[in-house]
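Tertiary structure, described
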Amino acid sequence: MSAIVHARVTENLVRLRLGHVAERLDAVLGEAARSEPTYLDFLDALLGQEVTSKRHKRIAMGMKIAHFPSVRTLDQFDFKFQPSVDQKLVRELATGRFIAQAENVLIFGPPGVGRTHLAIALGRAAVEEGSTVLFISATALLVALAKAESEGNLADKLTYYGRYKLLIVDEVGYLPFERRSAHLFFQLVSKRYERGSMLVTTNQPVTKWGSVFGDEVVAAAILDRLLHRSHTLVVKGESYRLKQKRKAGLLGTSPTPQV
Ligand SMILES: Nc1ncnc2c1ncn2[C@@H]1O[C@H](COP(=O)(O)OP(=O)(O)O)[C@@H](O)[C@H]1O
Ligand SMILES: [Mg+2]
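The written sequence of each chain sets the order in which its residues are numbered from 1. Chain labels run from A onward and ligand labels from 1 onward, assigned in the order the entries are written. It should be noted that, the model being predicted, local features are given only for residues of pLDDT at least 70 and side-chain atom pairs only at 80 or more, the latter also being counted only at that level, while totals for whole chains, interfaces and linings use all residues.

Time to look at the overall build of the protein chain. A count of helices and strands for the protein chain gives 13 helices and 5 strands. Each principal axis of the C-alpha atoms in the protein chain carries an extent, and together these give about 75 × 55 × 30 Å. A total of 259 residues make up the protein chain; the buried ones form 25% of that total. By definition, residues are in contact whenever their C-beta atoms, placed on the basis of the backbone, come within 7 Å of each other. Residue pairs in contact within the protein chain that sit at least 24 positions apart in sequence constitute 81% of those at least 6 positions apart. Secondary structure follows DSSP: runs of H or I at least 4 residues long count as helices, runs of E at least 2 residues long count as strands, and numbering of each begins at the N terminus. Three exposure classes are used, all based on how many other C-beta atoms lie within 10 Å of a residue's own C-beta (placed from the backbone): buried at 20 or more, exposed at 12 or fewer, and partly exposed between those limits.

Structural data, given as structure tokens:
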């Protein structure tokens, strides 16, 4: 009889998509028999296990979908090395509230100072908070948009990039955009404007965006939308990569090489 009930419970757990508990049913029952919890505590532990398992699965899937190029977290970020970074703002951004408000984040700074690190870390925090995130380099994004345009499905592609709660575009300004690309980027920014957040990292100050986009008017239109309701991090200081090389004795101690 109890075997029938056991089978029915398993079946119903699966039907209710409580797969984790279904898999661990025997262990859960064994543990309950040993520790004899109250009914409420038993139910609490049971549901807690399922919720935790679902959360872990969702986060793992979200990290995959985001296509982060590497694992970088805020815990790994040495704020002491980079005092120009507003730690309080970074921690606030990590709560994901800016995503709920469809606000943008712009991270400015020279190479090696941790812009991509911060972008990935904030992206991971957003995934953990339940947002859908996509990380893409500016170059890859523009290649994809130009390809979509030439194949006649730009609208679909813009919709695709519009779907994510947070779109991270890394390294705007590294390579100058062609005029056509600048216009494609403008369309993307417009599509997401006030609907979804973008996080953009760049090595160029806003005053140089005209030359990055090859067109002052388009650059101004892009900046207008990106900067309206945005948070800005300006990372100054030394390249972390160079610091590590210096530590390893590969470079002299001074002066700081300009990168
Ligand atoms: N303040 C920091 N604390 C810890 N690691 C850092 C820090 N800044 C940079 N790094 C590391 O140095 C390397 C270069 O940083 P990255 O984020 O790629 O720089 P950027 O995108 O600004 O060129 C990465 O491996 C990154 O994790
Ligand atoms: Mg980078």
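Back to the write-up after that little detour.
Paired strands, as defined in this entry, are two strands with at least two bridges between them according to DSSP. Sheet architecture is open: 5 strands sit in the order β2-β3-β4-β1-β5, paired in parallel fashion. In the strand order of this sheet, the two ends are held by β2 (133-137) and β5 (230-234), each with one partner. Between one strand and the next, the sheet's axes are offset by a mean angle of 15 degrees, whatever the strand orientation. Alignment of strand β3 (residues 166-172) against strand β4 (residues 197-202), held across 5 bridges, turns out to be parallel. Opposite Leu-167, over in β4, you have Met-198 as the bridge partner. In this analysis, axes come from line fits to C-alpha atoms, helices being fitted only over the stretch in contact, and the angle between any two N-to-C directions falls in the range 0 to 180 degrees.

Moving on to the site of ligand 1. Using the backbone to place each C-beta atom, any residue with that atom within 6 Å of a molecule or strand is considered near it. Around ligand 1, the surrounding shell holds 16 residues, and the nearest of these are Asp-78, Gly-114, Thr-116, His-117 and Tyr-240. Only α7 (115-128) and α13 (240-247) provide two or more residues apiece to the shell around ligand 1. Of all the elements, α7 adds the most residues to the shell around ligand 1, at 3 residues. By the convention adopted, Pro, Cys, Tyr, Trp, Phe, Met, Ile, Leu, Val and Ala count as nonpolar, Lys, Arg, Asp and Glu as charged, and the other residues, Gly among them, as polar. Its residues assigned to classes, the shell around ligand 1 comprises 5 nonpolar, 7 polar and 4 charged.

Here the focus is the environment of Ala-32. Topologically, Ala-32 is positioned in helix α3 (residues 25-35). On a C-alpha basis, the gap between Ala-32 and Leu-184 in space is 59 Å, while along the polypeptide they are 152 residues apart. Leave out the neighbours within four places in its chain, and Ala-32 touches Pro-37 and Phe-42.

This part covers the domain arrangement of the protein chain. Per the domain assignment, the segments of the protein chain are domain 1 (2-65) and domain 2 (67-247). Computed from C-alpha atoms alone, the centre-to-centre distance between domain 1 and domain 2 is 40 Å. Each partner contributes residues to the interface: domain 1 has 4 residues there, and domain 2 has 6 residues. Here the bounds of each domain stem from an automatic or database domain assignment.

This next bit is on α3. α3 sits mainly on the outside: 0 of its 11 residues count as buried. Glu-36 sits one or two residues past α3 and shows a positive phi near 40 degrees.

The term nonpolar core refers to a group of buried residues, namely Ala, Val, Leu, Ile, Met, Phe, Trp, Tyr and Cys, whose C-beta atoms join them within 7 Å. Within the largest apolar cluster, 47 residues are counted, with the highest numbers of intra-cluster contacts made by Leu-122, Val-133, Leu-166, Ile-168, Val-169, Phe-185 and Leu-199. Among the elements that line this core, the one with the most residues is α7, at 8 residues.

This next bit is on the packing of helix α4 (residues 39-66) against α7. Between two packed helices, what matters for the description is the angle formed by their axes and the separation of those axes. As a packed pair, α4 and α7 sit with axes 9 Å apart at the nearest point and diverge in direction by 140 degrees. In terms of orientation, α4 and α7 fall into the oblique class. Our pair here, α4 against α7, has a crossing hand that is right-handed. Packed against α4, whose contacting residues are Ile-59, Gly-62, Met-63 and Ala-66, the element α7 presents Gly-123, Arg-124, Val-127 and Glu-128 at the interface. Along the lines of polarity and charge, the residues of the contact of α4 with α7 split into 4 nonpolar, 2 polar and 2 charged. Between 65 and 115 degrees an angle is taken as roughly perpendicular, under 35 as roughly parallel, over 145 as roughly antiparallel, and anywhere else as oblique. Here is the rule for handedness: rotate from the far helix to the near one, and if that takes an anticlockwise turn smaller than a right angle the crossing is left-handed, while a clockwise turn gives right-handed.

Once that is clear, we can look at unusual backbone geometry. As a rule of thumb, non-glycine residues mostly have phi less than zero, and peptide bonds are mostly trans rather than cis. Even without a glycine there, the phi angle at Glu-36 is positive, about 40 degrees. Within the secondary structure layout, Glu-36 lies in the loop between α3 and α4. Despite not being glycine, Arg-229 shows a phi value in the positive range, around 55 degrees. The residue Arg-229 is located in the loop between α12 (216-227) and β5 in this model. Overall, the presence of 14 C-beta atoms within 10 Å leaves Arg-229 in the partly exposed class.

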